[in-house]
Amino acid sequence: MITVFTSTFNRGYKLPELYKSLQKQTYKNFEWLIIDDGSTDNTEHLFNKWGNETNFFRITYIKQKNGGKHRAINKGVQLAKGELFFIVDSDDFLASFALQRIQEVYETISENELFAGVSGMKAYPDNKRVGGSLPFKQIDCS
């Protein structure tokens, strides 16, 4: 299982796009774990609503006193159920195949202790890579 983790603070106006992208994932074995770092906007209302909707993934929403993103991540790591912990910011969204691709790559390295994880490139909505193109499709790093 993959834990998609989002820390948020007053980003209720951005979160619906991320939520919709998670609903479109081709890979279904994931949870969405959200640590709300003291929002005063409509964030809690959104998650109360979404928690009552039927989704193929579990949503876990935790609201805590504002303490910064680093504390939210630390709490998320403690609560995560997934073998993989994938941070997706509240103003981001995922291509429909994103989690499937992570799982496929992970399966090829999961037994190799020389690897610590899988990472990917960000792209704009028009599919252009953030930072421009690279001269390789995949790279293994140490």
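Look a little higher up for the structure.
**A word on the nonpolar core**
Of all hydrophobic cores here, the largest spans 23 residues; its most connected members are Ile2, Val4, Leu22, Trp32 and Leu99. Elements represented by at least two residues in this core include exactly strand S1 (2–8), helix H1 (15–23), strand S2 (30–36), helix H2 (43–51) and helix H4 (98–109). If one sorts the elements of this core by residue count, H4 sits on top with five residues. If near-sequence neighbours (up to four positions away) are discounted, Leu22 is found in contact with Val4, Phe30, Trp32, Phe56, Phe57 and Leu94.

**Comments concerning H2**
Among all positions in H2, only Thr43, Leu46, Phe47 and Trp50 are buried. With its buried residues spanning 90 degrees around the axis, H2 presents them on a single face. Looking at the buried side of H2, the elements it contacts are S1, H1, S2 and strand S3 (58–63).

**Here's the deal with the side chain of Asp36**
Mapped onto the fold, Asp36 is located in strand S2. Notably, Asp36 is buried but unbridged: the nearest opposite-charge side chain belongs to Lys63, and the N-O separation is 4.5 Å. Sequence-distant contacts of Asp36, defined by excluding residues within four places in its chain, comprise Thr8, Thr43, Glu44, Tyr61, Ile62, Lys63 and Gln64.

**Here's the deal with a nonpolar patch on the surface**
Nonpolar side chains collect at one region of the surface, where Met121, Leu134, Phe136 and Ile139 lie side by side and expose about 350 Å² of accessible area between them. Tracing the sequence through the fold places Phe136 in the segment after H4. Taking the relative accessible area as the measure of exposure, Phe136 reaches 34% and is therefore partly exposed.

**Brief notes about the pairing of S1**
A regular strand places its side chains so that they alternate between the two faces of the sheet. For S1, the tally of buried residues reaches seven of seven residues, placing the bulk of the element in the interior. Residues Ile2, Val4, Thr6 and Thr8 of S1 are buried on one face, and the alternating residues Thr3, Phe5 and Ser7, pointing to the opposite face, are buried as well. Alignment of S1 against S2, held across seven bridges, turns out to be parallel. The residue of S2 that forms the bridge with Phe5 is Leu33. At this point the chain moves from S1, through H1, to the parallel S2, and the crossover so formed is right-handed. Relative to strand S4 (residues 84–87), S1 runs parallel, the two sharing four bridges.

**Notes on the layout of surface pockets**
Reported here for the largest pocket is a volume of approximately 1,800 Å³. As for the largest pocket, its lining consists of 41 residues, and the residues nearest its centre are Ile102, Ser119, Gly120, Met121 and Lys122. Among the elements of the structure, S4 and H4 are those that each provide at least two residues to the lining of the largest pocket. Here the lining of the largest pocket takes six residues from H4, the largest share from any one element. Considered class by class, the residues forming the lining of the largest pocket number 27 nonpolar, six polar and eight charged.

**Some thoughts on the packing of H1 against H2**
Helix-helix packing: each pair is described by the crossing angle between the helix axes and the interaxial distance. Two numbers describe how H1 lies on H2: the axes approach to 11 Å, and their chain directions differ by 25 degrees. Compared by their axis directions, H1 and H2 come out roughly parallel. Between H1 and H2 lies a crossing of right-handed hand. From H1, Leu15, Pro16 and Tyr19 reach across to H2, where they touch Thr43, Leu46, Phe47 and Trp50. Of the residues that constitute the contact of H1 with H2, the class distribution is six nonpolar, one polar and no charged.

Thresholds, definitions, all that
- Residues numbered from 1 in each chain as written.
- Predicted model: local features only at pLDDT ≥ 70, side-chain atom pairs only at ≥ 80, totals over all residues.
- Heavy atoms only, no water.
- Core = buried A, V, L, I, M, F, W, Y, C linked by side-chain atoms within 4.5 Å.
- Buried < 20%, exposed > 50% of the residue type's maximum accessible area, 1.4 Å probe, protein only.
- Helix = DSSP H or I, 4+ residues; strand = E, 2+ residues; numbered from the N terminus.
- Contact = heavy atoms within 4.5 Å.
- Arc of directions from axis to C-beta.
- Lys, Arg positive; Asp, Glu negative; His and termini not counted.
- Salt bridge = Lys/Arg side-chain N within 4 Å of Asp/Glu carboxyl O.
- Patch = residues over 30% accessible without salt bridge, like charges linked within 9 Å, V, L, I, M, F, W, Y side chains within 5 Å.
- Areas by Shrake-Rupley, 256 points an atom, 1.4 Å probe, with all protein chains shown as cover.
- Pairing = 2+ DSSP bridges.
- Right-handed = clockwise from strand over helix to strand, strands pointing away.
- 1 Å grid on protein atoms, 1.4 Å probe; cavity = no way out; pocket = protein on both sides within 12 Å on 5 of 7 lines; lining within 4 Å.
- Points joined across faces, edges and corners; volume = space filled by probe spheres on them.
- Nonpolar A, V, L, I, M, F, W, Y, C, P; charged D, E, K, R; others polar.
- Axes fitted to C-alpha atoms, helices over the stretch in contact; angles between N-to-C directions.
- Parallel < 35°, antiparallel > 145°, perpendicular 65-115°, else oblique.
- Left-handed = near helix turned anticlockwise from the far one by under 90°.

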